[in-house]
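The lines below spell out each chain.
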Amino acid sequence: MAERRTDARPLQPMEQEPQQRSAHDHVADALRDAILSGRLAQGSQLREVHLASEFGISRAPLREAMRALEEEGLLVKLPYRGSFVATVDDRVADEIASLRRLVEPFAMRRTLERIDADDIAELRQAITDLRTAARKKDIPQAIDAHLRMHRMFYLKADHDQLANLWRTWESQLRMFFADDFRRFIDPEVQADDHEKLLDLMESGDWDAVDRELVDHIHGSAPEKKPGTVKRSGNGKIAAKRRG
């Protein structure tokens, strides 16, 4: 089975660039972008011979790139079958969301007690980066910024079990967020929501944080239909999203 594409654009071949980055880094970037943008469909199989020819490289750096994407949760390797683009499982999305609604306020409280001004600035920068990437429709960078903010809530909390939960979830959240990014009517709403969440966190109004997270975090999102979009506080329209 060939790779299933949602458009006809080829993957980017290797370019002759300065040797700052390795061949497998360039290939991993191109495949990551194709997966997160939806140009490589969920569940599609990646054929090494075809991809090596398309990129104009040997199979060794291609395999290294694919291993890196397996570690990120974007590819799944099945014995005797090959590598496939990971799929978004609605039940898993719902289960992770239900746990996040319970534990994320706790993680945020612990983090706020332990971080300093530099950490707050880092959280603000993640929101800025998310907004910039959203405007450019740069899905991989938007997802990286989105994950960076939430990652800090778990890893800065000085709580090993919270950190372990995040590490278990992150690769799946990357795919969930990519799916959501493609559903957004206005992706900048996501940055607005994160800015509001951080403002509430800094204010110490944890009841308001809890209320915001109920709306901010969700599991499997419905298809966009009349009545399934909502208006954010700044008047922009967005589909229901994962936080």
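So, a few notes on the structure that sits alongside this text. (Residues numbered from 1 in each chain as written. Predicted model: local features only at pLDDT ≥ 70, side-chain atom pairs only at ≥ 80, totals over all residues. Heavy atoms only, no water.)

It is worth spelling out the overall build of the protein chain at this point. Of regular secondary structure, the protein chain possesses nine helices and five strands. When the helices and strands of the protein chain are read in sequence order from the N terminus, they spell out α-β-α-α-β-β-α-α-α-α-α-α-β-β. With 243 residues in all, the protein chain has 47% of them scored as buried. Long-range contacts, defined as pairs at least 24 residues apart, comprise 73% of the intrachain contacts of the protein chain with a sequence gap of at least 6. In the form shown here, the protein chain has an accessible surface area of approximately 12,300 Å², with 48% of it arising from carbon and sulfur atoms. (Helix = DSSP H or I, 4+ residues; strand = E, 2+ residues; numbered from the N terminus. Buried < 20%, exposed > 50% of the residue type's maximum accessible area, 1.4 Å probe, protein only. Contact = heavy atoms within 4.5 Å. Areas by Shrake-Rupley, 256 points an atom, 1.4 Å probe, with all protein chains shown as cover.)

Given a rise of 1.5 Å per residue, 17 residues ought to cover 24 Å, and the 24 Å separating the end C-alpha atoms of helix 6 (residues 139–155) matches this to within 8%. Buried residues dominate helix 6, accounting for 12 of its 17 residues. Burial in helix 6 covers these residues: I139, P140, A142, I143, A145, H146, L147, M149, H150, M152, F153 and Y154. The N-terminus of helix 6 is capped by D138, whose side-chain oxygen sits 3.2 Å from the backbone nitrogen of Q141. (Expected span 1.5 Å × (residues − 1). Polar contact = N/O pair within 3.5 Å; in protein donor to acceptor, adjacent residues only side chain to side chain.)

Within the sequence span of helix 2 (residues 48–55), burial applies to L51, A52 and F55. Down the axis of helix 2, the buried set is contained in an arc of 100 degrees. They therefore lie on one face. Helix 2 presents V49 and S53 as exposed residues on the side facing more than 90 degrees away from its buried surface. The first or second residue beyond helix 2 is G56, which carries a positive phi of 70 degrees. (Arc of directions from axis to C-beta.)

Further remarks concern the nonpolar core. Formed by 64 residues in total, the largest nonpolar core has its most connected members in L31, I35, L62, M108, L123, L173 and M175. Beyond its immediate stretch of four places on either side in the chain, M175 contacts I35, L36, Q42, G73, L74, V85, A86 and V88. (Core = buried A, V, L, I, M, F, W, Y, C linked by side-chain atoms within 4.5 Å.)

This part takes up the side chain of T111. Summarising the element assignment, T111 is placed in helix 4 (residues 90–114). Looking at T111, the relative accessible area reads 0%, which means it is buried. Among all residues touching T111, those that are not within four sequence positions of it are M152, F153, K156, A157 and M201.

Bringing the pattern of salt bridges into the picture now. Under the definition given, this model contains 20 salt bridges. Of the charged contacts in the structure, one is a salt bridge between R124 and D199, with a shortest N-O distance of 2.7 Å. Separated by 75 residues along the polypeptide, R124 in helix 5 (residues 117–136) and D199 in helix 8 (residues 188–203) bring together distant segments of the chain. Since its relative accessible area comes to 38%, D199 is described here as partly exposed. (Salt bridge = Lys/Arg side-chain N within 4 Å of Asp/Glu carboxyl O.)

This part takes up the pairing of strand 2 (residues 75–78). Where strand 2 lies against strand 3 (residues 82–85), four bridges are found, and the strand directions are antiparallel. Across the sheet, residue V76 finds its bridge partner in strand 3, namely F84. Between the antiparallel neighbours strand 2 and strand 3 lie three residues, among them Y80 with a positive phi of about 65 degrees. (Pairing = 2+ DSSP bridges.)

These values are about where atoms sit, not about what they do.
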